[in-house]
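Structure at a glance
Next come the chains, spelled out residue by residue.
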Amino acid sequence: MNNKFIEKDFEFEAQIKDHIAYVPLAGESEISGFRAPDSYVFIFFEKAFGSHFIDFVEYEEKDNQVHISFPGQLHSWKTEKGAKGHKLILSKEFIEMKLYNSRFSSLLLNKFPVLDIPVKISKKLSREFKMIQEEFGEEPVNWDVISSRVKIIFSLINKCIDEAEQDALVMNRRSPIILNFIELIEVNFTESKAVAYYADKLAVTPNYLNILTKSTLGVTAKELIDARIVLEAKRLLKGSDQTVKEIAFNLGFYSIASFSSYLQGKTGLYPTKFRE
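Residues numbered from 1 in each chain as written. Predicted model: local features only at pLDDT ≥ 70, side-chain atom pairs only at ≥ 80, totals over all residues. Heavy atoms only, no water.

Some words on the layout of surface pockets
When its volume is computed, the second largest pocket comes out at roughly 180 Å³. Lining of the second largest pocket is provided by 12 residues; of these, Ile20, Phe94, Lys98, Trp143 and Ser147 occupy positions nearest its centre. Taken together, the elements giving at least two residues each to the lining of the second largest pocket come down to α2 (92-98) and α4 (143-164). Of the residues in the lining of the second largest pocket, the class split is four nonpolar, four polar and four charged. (1 Å grid on protein atoms, 1.4 Å probe; cavity = no way out; pocket = protein on both sides within 12 Å on 5 of 7 lines; lining within 4 Å. Points joined across faces, edges and corners; volume = space filled by probe spheres on them. Helix = DSSP H or I, 4+ residues; strand = E, 2+ residues; numbered from the N terminus. Nonpolar A, V, L, I, M, F, W, Y, C, P; charged D, E, K, R; others polar.)

Here it is in structure tokens:
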């Protein structure tokens, strides 16, 4: 396995099943429009300078950071020379079976794609990742030891998320309906685009749901639903080989024309033009 910053064998990453993969990171790297594999990817930067786009949102790459990728997210990045860190790739099965009490086993949204890590915790993460790297160099690989190390890493990351979430918790206590609404959208956005559909599941009126989302998030309920659909459309157009027809039907549209009109109305571009 080479020592380039981002392991270039993306087919290898996409095939991770039922186990853990580790990749050491060192040096510069640049890529555009990479669709994350059907796994969870955790990048821990000890040293870094650059930019990382996750689902079209730009984040600065800095020292002592963890970047978290959920299955299916779209990524572009440009990392400068001198980067140093570690990449951990975990299958969905491992998350559910071994980390069932962690946040990631139940999260529907990647609420914290980038975490700034306190130096004290960063040093602990560095030790654990290096121990994992050593274990992967042994024959035979001791998967029980590696699994234990991964659990320690996750407990440290969870602690950082707890701290990052304090401000969000204040809002969430005021508006638990919003949290449930967002989670419902994540599960049902290909099923329905209607505010009334979600309001019924939340046992509130469409008007109340609109007022609540507008006052809490600054957008209407319909805008929130549309944003999730548009995001998935962008992911599929840029990060998959599916035809426009396949994407349209997978997103719940009954024709290419209706999908094209919808996307053009939301982004100003038709699907074929956006893909270009």
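A short note on the pairing of strand β4 (residues 50-54)
Judged by how many residues are buried, β4 sits mostly within the fold: four of five residues are covered. Relative to strand β5 (residues 57-61), β4 is paired through five bridges, and the arrangement is antiparallel. Across the sheet, the residue bridging to His52 is Tyr59, located in β5. Linking β4 back to β5 in an antiparallel pair, the connection comprises two residues, with Asp55 at a positive phi of about 50°. Strand direction decides the pairing type here: β4 and strand β7 (residues 74-79), joined by five bridges, are antiparallel. Considered in β7, the bridge of Phe53 is made with Ser76. (Buried < 20%, exposed > 50% of the residue type's maximum accessible area, 1.4 Å probe, protein only. Pairing = 2+ DSSP bridges.)

Re helix α6 (residues 176-188)
Residues spaced three or four apart along an α-helix point in a common direction, a consequence of the helix completing one turn every 3.6 residues. Taking 1.5 Å per residue, 13 residues should reach 18 Å; α6 reaches 18 Å between its end C-alpha atoms and fits that length. For α6, the set of buried residues is Ile178, Phe181, Ile185, Glu186 and Asn188. (Expected span 1.5 Å × (residues − 1).)

Some words on the sheet that holds strand β6 (residues 65-69)
Taking strand neighbours across the sheet as the criterion, the five strands line up as β1-β8-β3-β6-β9 in an open arrangement whose pairing is antiparallel. Taken across any chain shown, the strands that pair with only one partner, and hence form the sheet edges, are β1 (20-26) and β9 (114-116). Adjacent strand axes in the sheet meet at a mean angle of 15°, parallel and antiparallel pairs treated alike. In this sheet, strand β8 (residues 84-91) lies alongside strand β3 (residues 39-47) in antiparallel orientation, the contact comprising eight bridges. Each bridged residue has a counterpart across the sheet, and for Phe42 the counterpart in β8 is Leu88. (Axes fitted to C-alpha atoms, helices over the stretch in contact; angles between N-to-C directions.)

Here we look at the sheet that holds β5
Reading across the sheet, the four strands line up as β2-β7-β4-β5 and stay open at both edges, with antiparallel pairing between neighbours. The open sheet has two free edges, formed respectively by β2 (29-35) and β5, since each of these has just one partner strand. When strand polarity is set aside, the average angle formed by the axes of neighbouring strands in this sheet is 15°. Across the sheet, helix α9 (residues 221-239) lies against β2 and β7, angled at about 115° from β2, the strand it touches most. (Contact = heavy atoms within 4.5 Å.)

Here's the deal with unusual backbone geometry
A cis geometry characterises the amide bond from Glu139 onward to Pro140, with omega recorded as -5°. Mapped onto the fold, Pro140 is located in the loop between α3 (119-136) and α4. Phi angles above zero are rare outside glycine, and Asp55 is one such case at about 50°. Looking at where Asp55 falls in the secondary structure, it is placed in the loop between β4 and β5. Non-glycine residue Asn64 carries a positive phi angle of around 55°.

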